[in-house]
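Listed here are the chains, written in short residue letters.
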Amino acid sequence: MSSYVFLTEVADFPQAQVVKSFLVAQGFHPRLRDEQTRAVAPHLEQFLGKLIIDIPEEEFLQASHTLEELQDSNRLKVAGQEEEELAKDQALSESQAMAKQCLVNAVLGCVLIPVVCNLYSMLLGFRVLGREMPLSRLSRTRLVMAFFFNCAGFYIWLTFGGRILRNMFM
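The rules behind these values
- Residues numbered from 1 in each chain as written.
- Predicted model: local features only at pLDDT ≥ 70, side-chain atom pairs only at ≥ 80, totals over all residues.
- Heavy atoms only, no water.
- Helix = DSSP H or I, 4+ residues; strand = E, 2+ residues; numbered from the N terminus.
- Expected span 1.5 Å × (residues − 1).
- Buried < 20%, exposed > 50% of the residue type's maximum accessible area, 1.4 Å probe, protein only.
- Arc of directions from axis to C-beta.
- Salt bridge = Lys/Arg side-chain N within 4 Å of Asp/Glu carboxyl O.
- Pairing = 2+ DSSP bridges.
- Contact = heavy atoms within 4.5 Å.
- Axes fitted to C-alpha atoms, helices over the stretch in contact; angles between N-to-C directions.
- pLDDT = per-residue confidence, 0-100.
- Phe/Tyr/Trp six-rings, centres within 6.5 Å; stacked < 30°, edge-to-face > 60°.
- Lys NZ or Arg CZ within 6 Å of the ring centre and 35° of its normal.

A few points about helix α5 (residues 116-130)
Each α-helix winds once per 3.6 residues, and so residues spaced three or four apart point in a common direction. Spanning 15 residues, α5 covers 21 Å between terminal C-alpha atoms, matching the ideal 21 Å at 1.5 Å per step. Listing the buried residues of α5 in full gives C117, N118, S121, L124, G125 and V128. What you see down the axis of α5 is that its buried residues fit within an arc of 125°, all on one side. Across from the buried face of α5, at angles greater than 90 degrees, the exposed residues are V116, F126 and G130. Just past α5, the residue E132 takes up positive phi, approximately 55°.

Quick look at the structure:
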């Protein structure tokens, strides 16, 4: 019978079961120290401390290498997920800023500088929608409001703009 050596320690019983079953699936023969004690008396877990996984001495190098590869691949997955979430957050903040700018220009088009601000507002709105950027509820509301302000601005300009210009220059 071969002697067992320390391979790793884990925080709790479910995690130990996962690591043990992974090692068994890879063809190793691990064992958990105090496994029977923890199964029979789980209230003693605080006194027993962390679970230790032992492995036969001749399997130690391969098993430790296998666990390191698993941990490295998990780190890569977590890092990839974090980068993906960061990119989504940046795209969301960019779309929110564009939607806000779109609404501001639409309101300015109705109040101060007609047509130019409305056209720029429409351009920004189409850029947000054309890129299929993620939108929050606030951004969607701003885009809808900008659409209505642009419609109102164009209606006012096309209906009363000629009269205003005629009265200004005559």
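Describing the pattern of salt bridges
Here the structure, examined in full by the defined rule, presents one salt bridge. Linking D54 and R31 is a salt bridge whose minimum nitrogen-to-oxygen distance equals 3.8 Å. With a gap of 23 residues between them, D54 in strand β3 (residues 51-56) and R31 in strand β2 (residues 31-32) connect regions that are remote in the sequence. Look at R31 and you get partly exposed, because its relative accessible area is 38%.

Some remarks on the sheet that holds β2
Read from one edge to the other, the open sheet built from three strands follows the order β1-β3-β2, with strand pairing classed as antiparallel. The strands lining the two open edges of the sheet, one partner per strand, are β1 (4-10) and β2. Pairing of β2 with β3, which is carried by two bridges, proceeds in the antiparallel orientation. Across the sheet, residue L32 finds its bridge partner in β3, namely I53. Strand contacts of helix α1 (residues 13-25): β1, β2 and β3, with the helix running at about 15° to β3, the strand carrying the most contacts.

Concerning the confidence of the model for the chain
Confidence in the prediction for the chain averages 79 pLDDT; 85% of positions are at 70 or higher. Confidence, expressed as mean pLDDT per element, reaches its minimum in the chain at helix α3 (residues 45-48) with 66 and its maximum at β3 with 85.

Some words on the packing of aromatic side chains
Per the stated rule, a full pass over the model turns up one aromatic pair. On the basis of an interplanar angle of 65° and a centroid distance of 5.5 Å, the ring pair of F147 and F148 is categorised as edge-to-face. The ring of Y4 carries R31 above its face, with NZ or CZ at 4.2 Å from the centroid.

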